[in-house]
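# Chains, contacts and geometry: an overview
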Amino acid sequence: MARKFLYIIASLIVLVIISAFAYRVWGQQLINAAMVPSRTFSAPPPLPKDAYASADTWISRPGLASDPSQWRPADMKAAPVPRKAAIFFVHPTTYLAPGNKADWNAPLSDPESLTVAARFVQRQASAFNNLGPIWVPRYRQAHFGAFLTNNAGGGKAIDAAYADVVQAFDAFLAANPKGPIILAGHSQGSLHLLRLLHEKVAGKPIAGRIAIAYIIGWPVSVTADIPALGLPACTKPQQAHCIVSWQSFAEPAEPSAVVQAFEKDRGFNGLPRKGTKIFCVNPITGSASGVAKAAQNLGTLDARQSEDNPALIKGAVPARCDARGFLLIGDPPDLGPFTLPGNNYHVYDYALFWANLRADAQARLAAFSAKN
């Protein structure tokens, strides 16, 4: 049943991409019919002030009986959760209902989006479960179509989702008043973390506690974004108190759709992103330069045989950051049906380098702790 559902999700994603190309020819009406919510935007009501005091508003947090972030590959022994750091993870977009049936923001209890979100948490946030407790909030995420339209509802839906993330982050800080913090996200989750860094971290005392920020699967401008985020870019392995980011493409890569979306807005420092370089860290080498061979890849998650327990495959793909700032992984690997047009391995950004990410976070946290 789970496999069938994920194939449906893959089909919806492909439909969205096809519609995006068709938009250039047939216009906004076709996009709206396919994926953009057709209802007039209505702001979701504010959550109760104590909403995130309840375990029901978290996908992962200490004390949950079933916590997908605590998953480990079959050959990796489970261990007690250490308390070296507290991890705040924001999951990617999983609300993909057809536009004529969707709200602009997902209900907190939407069963289909929660099922897919738990899958992402299992395969992404689990990379950090050797470092400390992981907190992953449910939030009223913006519908996928919010990122495909110039309709004002799209921006408002993203703002509403961000408000939930901020409220969850405040609850996370209240529960973790001391010690190092790791921020991590993917796709829409990374977008919200970028804004969180800019508005809630940069220039504030909390910035001193951020050991590392993993802003994966969302483009970050070297010159128009990073200077306004309160943390520098990570440029070498074992560097702490900095930002790591990448977007995965097999070769030949065709990232024009990502570039177009990236360049249409100004960065967090108010300057245009157009023409600026996208920031990229090679997750195998831990630096912004250098070429890593596949043999250096410590482990890629392969869920083709078992979606509940992906296998950890060593040496699956190489990695290098190209001149544009995209992470190239060589020939297209067969990891399943979720590769997007243009050889875009966005869905697999974490899975491709799961074991290297785990080692990278451990090394950077150790460096941070040694200095603090």
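Model, not experiment: these values are computed from the prediction. (Residues numbered from 1 in each chain as written. Predicted model: local features only at pLDDT ≥ 70, side-chain atom pairs only at ≥ 80, totals over all residues. Heavy atoms only, no water.)

### Examining the pairing of strand S4 (residues 181-186)
Taken across its 6 residues, S4 has 6 buried, putting it largely inside the fold. Residues of S4 alternate between two faces, with Ile181, Leu183 and Gly185 on one and Ile182, Ala184 and His186 on the opposite face, all of them buried. Judged from the 5 bridges that link them, strand S2 (residues 86-90) and S4 form a sheet pairing that is parallel. Directly across from Ala86, in S4, lies its bridge partner Ile181. Strand direction decides the pairing type here: S4 and strand S5 (residues 210-216), joined by 6 bridges, are parallel. When the bridges of S5 are listed, Leu183 appears paired with Ala213. Handedness of the crossover joining S4 and S5 through helix H5 (residues 188-201) is recorded here as right-handed. (Buried < 20%, exposed > 50% of the residue type's maximum accessible area, 1.4 Å probe, protein only. Helix = DSSP H or I, 4+ residues; strand = E, 2+ residues; numbered from the N terminus. Pairing = 2+ DSSP bridges. Right-handed = clockwise from strand over helix to strand, strands pointing away.)

### Topic: the packing of aromatic side chains
One pass over the structure, following the stated rule, counts 14 aromatic pairs. Summarising the aromatic geometry, the rings of Trp58 and Trp135 are spaced 5.2 Å apart at their centres and angled 80° between planes, so their arrangement reads as edge-to-face. Here the residue Trp58 occupies a position in strand S1 (residues 58-60), and Trp135 occupies one in strand S3 (residues 134-137), the gap between them amounting to 77 residues. Across the pair, exposure class does not vary: Trp58 and Trp135 are buried alike. An angle of 40° between the planes, with centres 5.4 Å apart, marks the rings of Phe128 and Tyr214 as tilted. (Phe/Tyr/Trp six-rings, centres within 6.5 Å; stacked < 30°, edge-to-face > 60°.)

### A look at the nonpolar core
Nonpolar side chains in soluble globular proteins generally cluster together in the buried interior. Membership of the largest hydrophobic core comes to 91 residues, with the highest contact counts inside it found for Phe88, Phe128, Phe172, Leu183, Leu197, Tyr214 and Phe353. For this core, the element with the most residues is helix H4 (residues 152-175), which contributes 8 residues. Those residues in contact with Tyr214, other than ones at most four positions away along the chain, are Phe128, Ile182, Leu183, Ala184, Gly185, Ser190, Val244, Tyr350, Leu357, Asp360, Ala361 and Arg364. (Core = buried A, V, L, I, M, F, W, Y, C linked by side-chain atoms within 4.5 Å. Contact = heavy atoms within 4.5 Å.)

### With respect to the side chain of Thr300
Considering the arrangement of structural elements, one finds Thr300 in strand S9 (residues 300-302). Residue contacts for Thr300: discarding those within four places in its chain leaves Ala311, Leu312, Ile313, Ala316, Val317, Leu335, Ala351 and Leu352.

### Remarks on the sheet that holds strand S7 (residues 248-249)
Two pairing modes exist for strands in a sheet, parallel and antiparallel, and in both the strands are linked by backbone hydrogen bonds. One open sheet holds the 4 strands; their spatial order is S7-S12-S11-S8, and the pairing between them is mixed. In the strand order of this sheet, the two ends are held by S7 and strand S8 (291-292), each with one partner. Pairing between S8 and strand S11 (residues 319-321): 2 bridges, direction antiparallel. The residue of S11 that forms the bridge with Ala292 is Ala319.

### Description of the state of the cysteines
Tallied over the entire structure, the rule returns 2 disulfides. Disulfide pairing places Cys280 opposite Cys321 at an S-S distance of 2.1 Å. Of note, the bridge from Cys280 to Cys321 carries an S-S torsion of about -75° and is left-handed in sense. Here Cys280, found in the loop between helix H6 (256-263) and S8, pairs with Cys321, found in strand S11; they are 41 residues apart in sequence, far enough to count as distant. The burial state of Cys280 is the same as that of Cys321; both residues are buried. Take the cysteines of the protein chain that form disulfides and number them in order along the sequence; they join up as 1-2, 3-4. (Disulfide = S-S within 2.5 Å.)

### Some details on the sheet that holds strand S6 (residues 242-244)
Taken in spatial order, the 6 strands make up an open sheet running S1-S3-S2-S4-S5-S6, and their pairing is mixed. Strand pairing shows two members of the sheet lacking a second neighbour, S1 and S6, which therefore form its edges. Sheet twist, expressed as the mean angle between neighbouring strand axes with direction ignored, is 20°. In this structure, S1 lies alongside S3, joined through 2 bridges in antiparallel fashion. Within S3, the residue paired with Ser60 across the bridge is Val136. Most of the contacts of H4 go to S2, to which it runs at about 170°, and overall it touches S1, S2, S3 and S4. Here H5 sits on the sheet and contacts S2, S4, S5 and S6; the angle it forms with S4, its principal contact strand, is near 140°. (Axes fitted to C-alpha atoms, helices over the stretch in contact; angles between N-to-C directions.)

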